[in-house]
Every structure is written in C-alpha cells, then in structure tokens.
Amino acid sequence: MSSPLVTSDWLESHLLDKDIRIIDMRGAVLPPSEPPPHYLTDRAGYEAAHIPNAAFIDWQVDIVEPGSASNDVASAERFAALMGGLGIDNDKLVLIYDNAAGMFACRLRWALRYYGHEDVAILDGGWQKWRAEGRPLSAEIPQFAKTAFVPRVNVELKATSEDIMAGLDLGASQLIDVRSAAEYAGETSRARHGGHIPTAINLPRGALVADDMTLKPAAELRQIFTERGVALDASDTVLYCNSGVSATYGMLALEMAGASNLRIYDGSWKEWGNDADTPKATGPRRGSWERR
C-alpha cells in the first residue's frame, strides 16, 4: 500500500479480494481512576456484527507474550502461529480496524512490521465510521486455511529500557509520551510510580484524532507537533505509553506527518514506572530527574 491508511470507500470495494485479510480488534481501555478491569476486548460485539470477512484478534491476549507484566509483544513463534492460523502469509495485505480510533489496530500494525510484514493498513475512522455510513455488516465467522507466516524481526522498530537509559545519558533520543497530561504529570498512574521519563515530550494521543475518529490531516498534525516541540527530522524518536499500544498510534501520526527513524518502547510506563531504579520526572512540562 502507498499509504498506511485506507478509506471506508476503498475497503467496501475490496471486501472480497482474496489477497486481503481483514482483522477486527475492537475493545476498550478505561481510565486508571475507574475500577478494574481497565483493559477490555469486544469479542461479543464482533460475533454479533462485523465487517464482512473480518477475523477477530484479541489485542490484549493474542498478540501479547503470556506472563509479560508490561504486555510485551508476542514471541516470534507465538505471533507466527497466530498469523498462519488466520491464513496470513508474508504476501497478504492485512487491513485492520477497531473502535478506538485506531489504537489497537496500530498495535497490530506495529507488531506485523516488527516481524517483517510491511503490507498492512489501518481503516481510517474504524468501526464507528463504517457503521455511521451504513456499510455492509455480517455475523458470519469466516474460516481460513492455515498457511505459513515467516517472522523476520526488524530490530529498528523496537526500543528497550536499556536503549532509553543510554539515550538519556547521551541526549541522543527524542522521547514522546502519548499518555494523558495527568499521567505525564504524575497525578495518576497505572504503574507503581507516577510521572514520565525525563526529557519526554507529552503528546496525548487524543490530540491526534479528529471528531469522526479518523487521523487528523498531515498539515494539522505537523502544526500540532511544532507547537509541542516535536522534531520531525530527529535521528531517533522513541514513543511510549503505558504498555506500547497507544504509542503506535502516535507513530502512525508521525509517519503521516513525514517523520522517520521511529521506535516503540514496548515495555513503556508499565515497565519503567514499576522499576524503582529508573529516573522519573514529574510536573506538566519536562521535569528534573527524580530518583525514587
């Protein structure tokens, strides 16, 4: 695909294409102030109605490594088995949608790209826009012949806590925190400690989403990035959130605005904020280092 985004018009005209695999990843994330559980999937909603020929992937189970405290991406073997079971080989176009303005869909897009599969796109506006436009729905659960998916890890798309610590010491990486302003400031947290990684720029994901749940236009995104102090020509930009999910939407927005050299800190704040030895900053802007 020439663009990582497709329109609902385009998808409706390609629903029966055999070389496309459509993936439904509906779910929800509740605010940390709400009673748990905070992370939800909507398999029941999928079974009731979905885009025709779409298969369902559980964003918090299927593409996550079991036992990971920070919901790290599934191992190559686990991921390959999931893709192969859905009939996705290395030549399929994978088209993903959700009901969360692309947040979960972008996580799968990043995971596919991390394992070497670049032919992947997001339905801009997702489930809500598709429904609002009165487009086709189905309750039929499609079945696909198993195939082989061969993972080829692209290490340039993933950052570790060690990478970030080294970058802090050298001042080499631009860090972007896509969590809410309250989480960034340390007023609330999904980890043991609140705050943010020192030097990180706060860019809440909601600022990138238009009213119709589509990604804001590239020109508007560039203006937002400029106002927030985000450099599109940085040699290394690492995005993080709580567990590496919403950060992938920030990655997509930066790509659409013309940035490159982008990585996701997969462990994100659930790893960093639960580690007593990592430096943390608090406050509404880039704060001073605070060991706690």
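We now turn to the structure provided with this report. (Residues numbered from 1 in each chain as written. Predicted model: local features only at pLDDT ≥ 70, side-chain atom pairs only at ≥ 80, totals over all residues. Heavy atoms only, no water.)

1. Focus: the sheet that holds strand β11 (residues 237-240)
Part 1: The sheet built from five strands is open, its strands ordered β8-β12-β11-β9-β10 with parallel pairing. Taken across any chain shown, the strands that pair with only one partner, and hence form the sheet edges, are β8 (158-159) and β10 (201-202).
Part 2: Note: strand β9 (residues 174-177) against β10, two bridges, orientation parallel. Bridging from a neighbouring strand, I176 pairs with I201 of β10.
Part 3: On top of the sheet, helix α6 (residues 161-170) reaches β8, β9, β11 and β12 (262-265); it is set at about 120° to β12, its chief contact. (Pairing = 2+ DSSP bridges. Helix = DSSP H or I, 4+ residues; strand = E, 2+ residues; numbered from the N terminus. Contact = heavy atoms within 4.5 Å. Axes fitted to C-alpha atoms, helices over the stretch in contact; angles between N-to-C directions.)

2. Regarding helix α8 (residues 218-228)
Part 1: Within the sequence span of α8, burial applies to L221, I224 and F225. Mapping the buried residues of α8 onto a view down its axis gives an arc of 95°, with all of them on the same face. For α8, the exposed residues lying more than 90 degrees away from the buried face are A219, T226 and E227.
Part 2: Close packing links the buried residues of α8 with α9 (246-257).
Part 3: Directly after α8, the chain includes G229, whose backbone phi takes a positive value near 85°. (Buried < 20%, exposed > 50% of the residue type's maximum accessible area, 1.4 Å probe, protein only. Arc of directions from axis to C-beta.)

3. Considering helix α3 (residues 76-85)
An α-helix turns once per 3.6 residues; consequently, residues spaced three or four apart project the same way.
Part 1: What α3 keeps buried is the set A76, F79, A80, L82, M83 and G84.
Part 2: In this fold, the buried residues of α3 make contact with α4 (103-114).
Part 3: Of the residues flanking the end of α3, it is G87, one or two places downstream, whose phi is positive at about 75°.

4. Points about the environment of L123
Part 1: One can find L123 in strand β7 (residues 120-123).
Part 2: Judged by its relative accessible area of 4%, L123 is buried.
Part 3: Spatially, the C-alpha atoms of L123 and S13 are 13 Å apart, while their sequence positions differ by 110 residues.
Part 4: Filtering out sequence-adjacent residues up to four positions away, L123 remains in contact with V6, T7, S8, L11, I51, L95, I96, Y97 and W130.

5. A word on the pairing of β12
Part 1: Going residue by residue along β12, you find L262 and I264 tucked away on one face and R263 and Y265 tucked away on the opposite face as well.
Part 2: Taken together, the two bridges between β8 and β12 define a ladder with parallel strand orientation. When the sheet's bridge partners are listed, K158 is paired in β12 with I264.
Part 3: The sheet contact formed by β11 and β12 spans three bridges and is parallel.

6. Things to note about the nonpolar core
Part 1: Judged by nonpolar contacts, the single largest core of 59 residues is most densely connected at I23, F79, I96 and L108.
Part 2: Elements supplying a minimum of two residues to this core: α3, β6 (93-97), α4, β7, α8, α9 and β12.
Part 3: The greatest single-element share of this core, amounting to nine residues, is contributed by α4.
Part 4: Residues in contact with I96, not counting those within four places in the same chain, are I23, M25, A105, L108, R109, L112, V120, A121, I122 and L123.
Part 5: Counting 17 residues, the second largest nonpolar core, distinct from the first, contains L11, A54, A121 and L123. (Core = buried A, V, L, I, M, F, W, Y, C linked by side-chain atoms within 4.5 Å.)

7. Some remarks on the side chain of R205
Part 1: Structurally, R205 is set in the loop between β10 and α8.
Part 2: One buried charged residue, R205, remains without a salt bridge, the closest side chain of opposite sign being D98 at 6.8 Å.
Part 3: The contact partners of R205, leaving out residues within four places of it in the chain, are A100, A101, M103, V178, S246 and Y249. (Lys, Arg positive; Asp, Glu negative; His and termini not counted. Salt bridge = Lys/Arg side-chain N within 4 Å of Asp/Glu carboxyl O.)

8. Quick word on the packing of α4 against α9
Part 1: Two elements in contact, α4 and α9, have axes separated by 7 Å at closest approach and are oriented at 80°. As summarised for this structure, α4 and α9 are arranged roughly perpendicular, according to the angle between their axes. Across the interface between the two elements, M103, C106, R107, R109, W110 and R113 of α4 pack against S246, T248, Y249, M251, L252 and E255 of α9.
Part 2: Partitioning the contact of α4 with α9 into residue classes produces six nonpolar, two polar and four charged. (Parallel < 35°, antiparallel > 145°, perpendicular 65-115°, else oblique. Nonpolar A, V, L, I, M, F, W, Y, C, P; charged D, E, K, R; others polar.)

9. What about the side chain of D266?
Part 1: Relative to the elements of secondary structure, D266 occurs in the loop between β12 and α10 (268-272).
Part 2: There is a polar contact of 2.7 Å between the side chain of D266 and the side chain of R107. (Polar contact = N/O pair within 3.5 Å; in protein donor to acceptor, adjacent residues only side chain to side chain.)

10. Comments concerning the environment of S161
Part 1: Structurally, the position occupied by S161 is in helix α6.
Part 2: The buried category is assigned to S161, whose relative accessible area is 16%.
Part 3: Considering only alpha carbons, one finds S161 and T278, 117 residues apart in sequence, at a separation of 8.8 Å.
Part 4: Dropping the residues within four chain positions of it, S161 is found in contact with Y265, E271 and W272.
Part 5: Within the structure, S161 has its side chain in polar contact with the side chain of E162 (distance 3.3 Å).

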